[in-house]
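Examination of the molecular architecture
For reference, the chains in residue letters:
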Amino acid sequence: MLIRANAKINWTLDTVGVRADGYHLLDMLMQSISLHDTLTLEPAEDVTFSADGATRVPQDEGNLALRAALALRRHAGTAQGAMIHLHKRIPSGAGLGGGSADAAAVLHGLNALWELNLPMETLRQIGLTLGADVPFCLMGGLAHVRGIGEVIEPLPCPRIYHLVIIQPCRGLSTPQVFRALDGMDISASRPNTPQALSALTGGNLALLADSLGNTLQPVAISMRPQIRQAITTLREHGARAAQMTGSGSAVFGVFATAAAARTAFAALSRRYPHCYLTQTL
């Protein structure tokens, strides 16, 4: 079984509170993109995992894909196994949800391969124990996501958006970014999520560009100043809007046409080793 695990971007990311257990409450608009990893699943006596590709990933239980397989097997009470191989394209520590997408793909794939027939809600519950982005990655598309990632409202999106993504520096640790968030002034980076939602569902790029925001961006820039320069560079090459996705360190630029995105990619890929031409799904 061959499965694609699609990356995601955050059109908006707003931190709106903190739970008693310390987890931040979020309000986000997220969308799947065509940049993807590929996983191969084959029946086996035990669960094994291997990986290759441009991005190094852990090949033990530090990998979300392997943890997803083991969590699903425990939940289902099955002794079935699988040989899992991951071909990695999505950069790590980028805020693109690569690990979460891999975990979601494994949950989908093994649910079918092992003929468990578990409903989506059960897969989402298992996924949430692995990471906040896994439930969204199980569903994909465009969605309004709240809470700690468990409240997901699918949305229509009539328009494809053409993107260039840059990871200008080494990855960031999501827990470290959230720990540094408290006490920092993030008011200038707050998105207008209702307006962005209206822009996305209406296909209005100009309105979308005026609505984006990510409250983690100032925190990440304080740790990796290269992020600010990459955002500026994308705008200088024609992006109608540019910002960081997730907790970083990748940034994306939105272009009016596929041709404009290709032109920018041709120039930027010579400057940035980790540069990707992609589009929304």
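Our next topic: the overall build of the chain. For the chain, the helix and strand inventory stands at ten helices and eleven strands. For 281 residues, the compact-globule estimate of 2.2 N^0.38 gives 19 Å, and the C-alpha radius of gyration of the chain, at 18 Å, lies within 12% of that figure. Judged by the C-alpha coordinates and their principal axes, the chain covers about 55 × 45 × 35 Å. When burial is assessed residue by residue, the chain has 54% of its 281 residues classed as buried. Residue pairs at least 24 apart in sequence account for 74% of intrachain contacts in the chain once pairs closer than 6 positions are excluded. When the accessible area of the chain is evaluated, it comes to approximately 12,000 Å², of which 51% is carbon and sulfur surface.

Quick look at the environment of G81 now. Relative to the elements of secondary structure, G81 occurs in strand β4 (residues 81-88). Residue G81 is classed as buried on the basis of its relative accessible area of 3%. The spacing of G81 and E45 is 36 residues in sequence and 4.9 Å in space, taken between C-alpha atoms. Among residues more than four places away in sequence, those in contact with G81 are E42, P43, A44, E45, D46, V47, R73 and W114.

The biggest cluster of nonpolar side chains holds 68 residues, and the ones touching the most others in it are I84, L107, L110, I227 and L234. Examining the composition of this core, we find that eight residues originate from one element, helix α1 (residues 64-76), more than from any other. Not counting chain neighbours up to four residues away, the residues in contact with L110 comprise L41, A69, L72, A82, I84, E115 and L116. Residues Y161, A199, L205 and L212 belong to the second largest nonpolar core, which totals 25 residues.

This brings us to helix α5 (residues 174-181). Among all positions in α5, only V177, F178 and L181 are buried. Within α5, the buried residues cover an arc of 95 degrees as seen down the axis, which keeps them to one side. Of the surrounding elements, those touching the buried residues of α5 are β1 (2-18), β2 (24-44) and α8 (217-223). Immediately beyond the C-terminal end of α5, within one or two residues, lies G183, with a positive phi of roughly 95 degrees.

Glancing now at the packing of aromatic side chains. Taken as a whole and assessed by the stated rule, the structure comprises two aromatic pairs. Taking the centre distance of 5.4 Å and the plane angle of 70 degrees together, the rings of W11 and Y161 count as edge-to-face. Of this pair, W11 sits in strand β1 while Y161 sits in the loop between β6 (151-155) and β7 (162-166), and the two are 150 residues apart along the sequence. Of the two residues, W11 and Y161, both sit in the buried class.

A few words on the side chain of T38. Tracing the chain through its elements places T38 in strand β2. Residue classification places T38 among the buried residues on the basis of a relative accessible area of 13%. Side chain to side chain, T38 and R89 meet in a polar contact 2.7 Å long. When neighbours within four sequence positions are excluded, T38 is seen to be in contact with L2, I3, H85, L86, H87 and R89.

As a further point, take the pattern of salt bridges. Pairing of side chains with opposite charge becomes possible as their charged atoms draw close. Scanning all chains against the criterion turns up eight salt bridges. E121 is the salt-bridge partner of R124, the closest N and O atoms lying 3.7 Å from each other. Remark: E121 and R124 occur in helix α3 (residues 120-130); sequence separation between them is three residues, near one turn of the helix. E121 sits in the partly exposed class, given a relative accessible area of 42%. The salt bridge partner of E153 is R146, with a shortest N-O separation of 3.6 Å. Judged by relative accessible area, E153 falls into the partly exposed class, the value being 36%. Several salt bridges converge on common partners, so that one network encompasses D37, K88 and D102.

Reading the values: the criteria
Residues numbered from 1 in each chain as written. Predicted model: local features only at pLDDT ≥ 70, side-chain atom pairs only at ≥ 80, totals over all residues. Heavy atoms only, no water. Helix = DSSP H or I, 4+ residues; strand = E, 2+ residues; numbered from the N terminus. Rg over C-alpha atoms; globule rule 2.2 N^0.38 Å. Buried < 20%, exposed > 50% of the residue type's maximum accessible area, 1.4 Å probe, protein only. Contact = heavy atoms within 4.5 Å. Areas by Shrake-Rupley, 256 points an atom, 1.4 Å probe, with all protein chains shown as cover. Core = buried A, V, L, I, M, F, W, Y, C linked by side-chain atoms within 4.5 Å. Arc of directions from axis to C-beta. Phe/Tyr/Trp six-rings, centres within 6.5 Å; stacked < 30°, edge-to-face > 60°. Polar contact = N/O pair within 3.5 Å; in protein donor to acceptor, adjacent residues only side chain to side chain. Salt bridge = Lys/Arg side-chain N within 4 Å of Asp/Glu carboxyl O.

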